[in-house]
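Okay, here's what each chain looks like letter by letter:
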Amino acid sequence: MMSGRGIRGAAAGLLMAAVLLVAAGCSDSDTSPSDAVSKAASAASSAASRGGDVVASATAKAKEELDRVKGGVNAKGDIALGGVTKDGDRLTVPVTATNSSGSQASYAVQVNFRDSGGNLLDTVVVTLDDVDKGKSKKATARSNRNLTGDVRADVGRALRH
């Protein structure tokens with residue numbers, strides 16, 4: 001879920017852009033600067049709220065998917081992520097599971113997409129089925145929505161079952 005700091009930061013950035021536009025004289029002739037700033041602040045707050053709602057929804061879906069895994073054990077140490085790349089309008093990251101257990105296993109991996117400040121932007125769950133003991137298997141995590149800027153990926157949770 002996006003932190004309060006992340007939402008406030010997004011709102012502050014949008015508010016600053018609105019203030020700069022007003023200062024540059026880019027407002028409607030019927031709108032006072034204070035009205036323009038007020039409208040911009042409202043729009044920024046609304047945009048931040050919608051962004052937070054999308055992240056909250058993705059986080060809830062990921063939790064639901066991981067909660068369905070029965071008998072899973074923590075396997076973050078078995079997971080490696082590659083670099084984040086752009087694929088069309090989404091970001092992707094390669095996920096590799098290396099089975100360190102004594103028998104064939106499957107994995108459910110939550111991949112978090114974060115901005116450079118560590119704020120959660122999106123999260124997805126990737127499954128890798130039937131990984132033989134001592135072997136590796138690859139999959140690709142794909143963001144749910146278009147993300148821009150300096151985005152990094154990390155493993156939120158990984159379950160071997």
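Below, the structure is looked at part by part.

Thresholds, definitions, all that
- Residues numbered from 1 in each chain as written.
- Predicted model: local features only at pLDDT ≥ 70, side-chain atom pairs only at ≥ 80, totals over all residues.
- Heavy atoms only, no water.
- Helix = DSSP H or I, 4+ residues; strand = E, 2+ residues; numbered from the N terminus.
- Buried < 20%, exposed > 50% of the residue type's maximum accessible area, 1.4 Å probe, protein only.
- Contact = heavy atoms within 4.5 Å.
- Areas by Shrake-Rupley, 256 points an atom, 1.4 Å probe, with all protein chains shown as cover.
- Salt bridge = Lys/Arg side-chain N within 4 Å of Asp/Glu carboxyl O.
- Pairing = 2+ DSSP bridges.

**Describing the overall build of the protein chain**
Item 1. A count of helical and extended segments in the protein chain gives 2 helices and 8 strands.
Item 2. Within the protein chain, the fraction of its 161 residues that count as buried is 34%.
Item 3. When contacts within the protein chain are restricted to residue pairs at least 6 apart in sequence, those whose partners lie at least 24 apart make up 67%.
Item 4. Surface summary for the protein chain: the accessible area is close to 9,000 Å², and the carbon and sulfur share equals 52%.

**A few points about the pattern of salt bridges**
Item 1. Enumeration over the complete set of coordinates arrives at 8 salt bridges.
Item 2. D87 is paired through a salt bridge with R142; the nearest N and O atoms lie 3.1 Å apart. Separated by 55 residues along the polypeptide, D87 in strand β3 (residues 85-87) and R142 in strand β7 (residues 136-142) bring together distant segments of the chain.
Item 3. Relative accessible area serves as the criterion here: at 39%, R142 is assigned to the partly exposed category.
Item 4. With its nearest N and O atoms 2.6 Å apart, the salt bridge here joins R114 to D154.

**Section: the pairing of strand β4 (residues 90-98)**
Item 1. The pairing of strand β2 (residues 79-81) with β4 spans 3 bridges and is antiparallel. Paired with L81 across the strands is V95, a residue of β4.
Item 2. Linkage of β3 to β4, two consecutive antiparallel strands, is achieved through a turn of 2 residues, within which G88 is found at a positive phi near 65 degrees.
Item 3. When β4 meets β7, the two strands line up antiparallel, connected through 7 bridges. The residue of β7 that forms the bridge with V93 is A141.

That's the geometry; what it means functionally is another story.
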